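Coordinates in review
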Amino acid sequence: MTDQELNRAVQYVTASTSYAREIVSDIIHTGLGELSAVASQSTRQFERATLLEYVTQWAIKRTGQPEPLVREVLGCASRWLDEVYEEVANRQPEALGLASNDNDDEGTEAV
């Protein structure tokens, strides 16, 4: 995910909620960063819901923000969370518990 895409996510969530841009940015960067790191470095298999719950709990602990705030921000940013999840699934399906033949996109290879 590019910096421009991250900035769009921050702008969208900031406009959709009553939270300060700095708080939203911290939560989104923490959540998306951990999602990418866990999915690309882990040898365990994760279902989507489990992985996103882990990312939510991680963001709560790392940012020190209350759970309802983090859940709302990440909920508003779910489109971008899903994009990162899909990107990882396409690149490393085994990290997410997907068989390589579960990926129907032609021309996409796991790295």
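Shown above is the structure to which this text applies.
Residues numbered from 1 in each chain as written. Predicted model: local features only at pLDDT ≥ 70, side-chain atom pairs only at ≥ 80, totals over all residues. Heavy atoms only, no water.

**Describing the overall build of the protein chain**
Counting its secondary structure elements, the protein chain contains 5 helices and 0 strands. Starting at the N terminus and walking to the C terminus, you meet the elements of the protein chain as α-α-α-α-α. Pairs at least 24 apart in sequence give 56% of the contacts found in the protein chain among residues at least 6 apart. A total of about 6700 Å² of accessible surface is found on the protein chain, and carbon and sulfur atoms cover 45% of it. (Helix = DSSP H or I, 4+ residues; strand = E, 2+ residues; numbered from the N terminus. Contact = heavy atoms within 4.5 Å. Areas by Shrake-Rupley, 256 points an atom, 1.4 Å probe, with all protein chains shown as cover.)

**Some thoughts on the nonpolar core**
Grouped together as the largest cluster of nonpolar side chains are 26 residues, with contacts concentrated most on I28, L35 and V73. Those elements that provide at least two residues to this core are helix 1 (3-16), helix 2 (21-41), helix 3 (48-63), helix 4 (67-76) and helix 5 (78-91). In this structure V73 touches V13, Y19, V24, I27 and I28, once residues within four positions along its chain are discounted. (Core = buried A, V, L, I, M, F, W, Y, C linked by side-chain atoms within 4.5 Å. Buried < 20%, exposed > 50% of the residue type's maximum accessible area, 1.4 Å probe, protein only.)

**Points about the packing of aromatic side chains**
Scanning all chains against the criterion turns up 2 aromatic pairs. Relative to W80, the ring of Y12 has its centre 5.4 Å away and its plane inclined at 50 degrees; by these criteria the two rings are tilted. You can see Y12 sitting in helix 1 and its partner W80 sitting in helix 5, a full 68 residues away along the chain. Exposure remark for Y12: the relative accessible area of 44% places this residue in the partly exposed category. (Phe/Tyr/Trp six-rings, centres within 6.5 Å; stacked < 30°, edge-to-face > 60°.)

**What to know about the pattern of salt bridges**
One pass over the full model with this rule turns up 3 salt bridges. Here E83 ties to R79 by a salt bridge, and the two come within 3.7 Å at their closest N and O atoms. With E83 and R79 both in helix 5, this residue pair falls 4 residues apart, about one helical turn. One salt-bridge network, in which partners are shared between bridges, spans E53, E67 and R71. (Salt bridge = Lys/Arg side-chain N within 4 Å of Asp/Glu carboxyl O.)

**Some words on helix 1**
Under the 1.5 Å per step criterion, the end-to-end length of helix 1 is 20 Å for 14 residues, consistent within 8% with the ideal 20 Å. Those residues of helix 1 that fall on the buried side of the exposure criterion are L6, A9, V10 and V13. Projection of helix 1 onto a plane perpendicular to its axis shows the buried side chains occupying an angular sector of 100 degrees, all on one side. The outward face of helix 1, more than 90 degrees from its buried face, is lined by the exposed residues Q4 and A15. (Expected span 1.5 Å × (residues − 1). Arc of directions from axis to C-beta.)

**A few points about the environment of W58**
For W58, the location among the structural elements is in helix 3. With a relative accessible area of 28%, W58 lands in the partly exposed category. When the C-alpha positions of W58 and I27 are compared, they lie 9.8 Å apart, and in sequence the two are 31 residues distant. Apart from residues lying up to four places away in sequence, W58 is in contact with T30 and E34. Within the local environment of W58, its side chain forms a polar contact with the side chain of E34, the two groups lying 3.4 Å apart. (Polar contact = N/O pair within 3.5 Å; in protein donor to acceptor, adjacent residues only side chain to side chain.)

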